[in-house]
Amino acid sequence: MIRVSLIALLLSGSAALAAPQQGQHHPQLPATIASASAVTAPAAALPRKLQLRSEVSLSRDLVTFGDLIPGLPGDAAATAAFRAPALGETGTIQVARVVEGARAAGIIREASDLDSQGFAQVVVTRTARRITAADIEIAVKVGLQERFGVDARIFALAIDGGAPAVAVEPELTGDVGVLDLSFDSRSRRLLARLAVPGSTAMRLKPLRISGQLVETMEVVVPKRLIARGETLGKDDVIVERRPREGQGGEIISDARAAVDKVARRALLAGVPLRGSDVQREEIVGKGDLVTIVYEAPGLMITLRGKANEAGAMGDVVSVTNPQSKRVLQGKVSGPGRVSVQPSLNGRIASAQ
């Protein structure tokens, strides 16, 4: 239990939890609570040299001397010293003010009893759970389904002005819930009031939003930067739902249309892929010397040729027999290999 001495409350009255001292910059924490307090344990019972922490992280709304100075006995450690920052925020306390408060509380006799290790201020962070745009969207969609029978799975929530920054007590794990919700099915506009069960912060200031449901579509996006000429693997892309408006044509919606394809240009992470961004991997290059394979029932003839165009696996390309100068059409069947079928060229006279 955090201890605030009776002497401090009597001397400072309601100002014991007051705002920062005059002249102090806003990012710094409010003035000491225990500015005139005395702890049960006398200073003589404490170690001769106390160490001051340079950083403190806590979930409470009060900073105790135990948070600031490790190794203090129970009553001294539990004495409240300063008000903590707001949930999820960070503030600073000047070392001089910590020394002043510790002396007034009877924790130290002289400033030299506290080793500040050369730093001028203590950084205090108030831990919190952040409410994300995804948390808000899920809550609104659940509310639309329960209250209006709207299946919003193919829609995204566009919040007016963007998702607000909301922090609640870190120990709360419950889902964001809708308290009030109004919805216009024609315009898809909505108003909502939301909160996390048990949150004092959101009870005092509920989250209010306005926004609109927008239709979405599945798109394939790279998970990382893909260099030009690099082959995309299945772990390089992910399918996401994005607003349909503004996507334009040629958007790839099936990951299979991107996997094992080669990037025709540098592809940025998170940017939806278009059909023109990728191509099948060419395993025969224009001008390459290739093996021409002619296969018929009971017969296989191979000869060397030159590819007149590039092709990926399965592409039909033209090849030339350098000796006869005859041009044949064949299907790329492997790296540097083109297969010619009787249905494509009839008799392969160039093999003679």
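Just above sits the structure.
Residues numbered from 1 in each chain as written. Predicted model: local features only at pLDDT ≥ 70, side-chain atom pairs only at ≥ 80, totals over all residues. Heavy atoms only, no water.

**Let's talk about the pairing of strand E21 (residues 316-320)**
(1) Moving on: Across the five residues of E21, four count as buried, placing the element largely inside the fold.
(2) Moving on: Pairing of strand E19 (residues 299-307) with E21, which is carried by two bridges, proceeds in the antiparallel orientation. Looking at the pairing, Lys-306 lines up with Thr-320 of E21.
(3) Moving on: Note that E21 and strand E22 (residues 327-334) share five bridges and pair antiparallel. (Buried < 20%, exposed > 50% of the residue type's maximum accessible area, 1.4 Å probe, protein only. Helix = DSSP H or I, 4+ residues; strand = E, 2+ residues; numbered from the N terminus. Pairing = 2+ DSSP bridges.)

**Some points on the packing of aromatic side chains**
(1) Moving on: A complete count under the given rule lists one aromatic pair for this structure.
(2) Moving on: Between Phe-148 and Phe-183, the ring centres sit 5.9 Å apart and the planes meet at 55 degrees, which makes this aromatic pair tilted. One end of the pair, Phe-148, is in helix H5 (residues 133-148); the other, Phe-183, is in strand E11 (residues 177-184), and 35 residues separate them in sequence. (Phe/Tyr/Trp six-rings, centres within 6.5 Å; stacked < 30°, edge-to-face > 60°.)

**With respect to the sheet that holds E22**
(1) Moving on: Strand order in the closed barrel formed by five strands is E18-E19-E21-E22-E23, with mixed pairing between adjacent strands. When the angles between neighbouring strand axes are averaged without regard to direction, this sheet yields 50 degrees.
(2) Moving on: As paired elements, E22 and strand E23 (residues 337-340) share three bridges and run antiparallel to each other. Paired with Gly-334 across the two strands is Arg-337, which belongs to E23. (Axes fitted to C-alpha atoms, helices over the stretch in contact; angles between N-to-C directions.)

The analysis is restricted to geometry; functional conclusions fall outside its scope.
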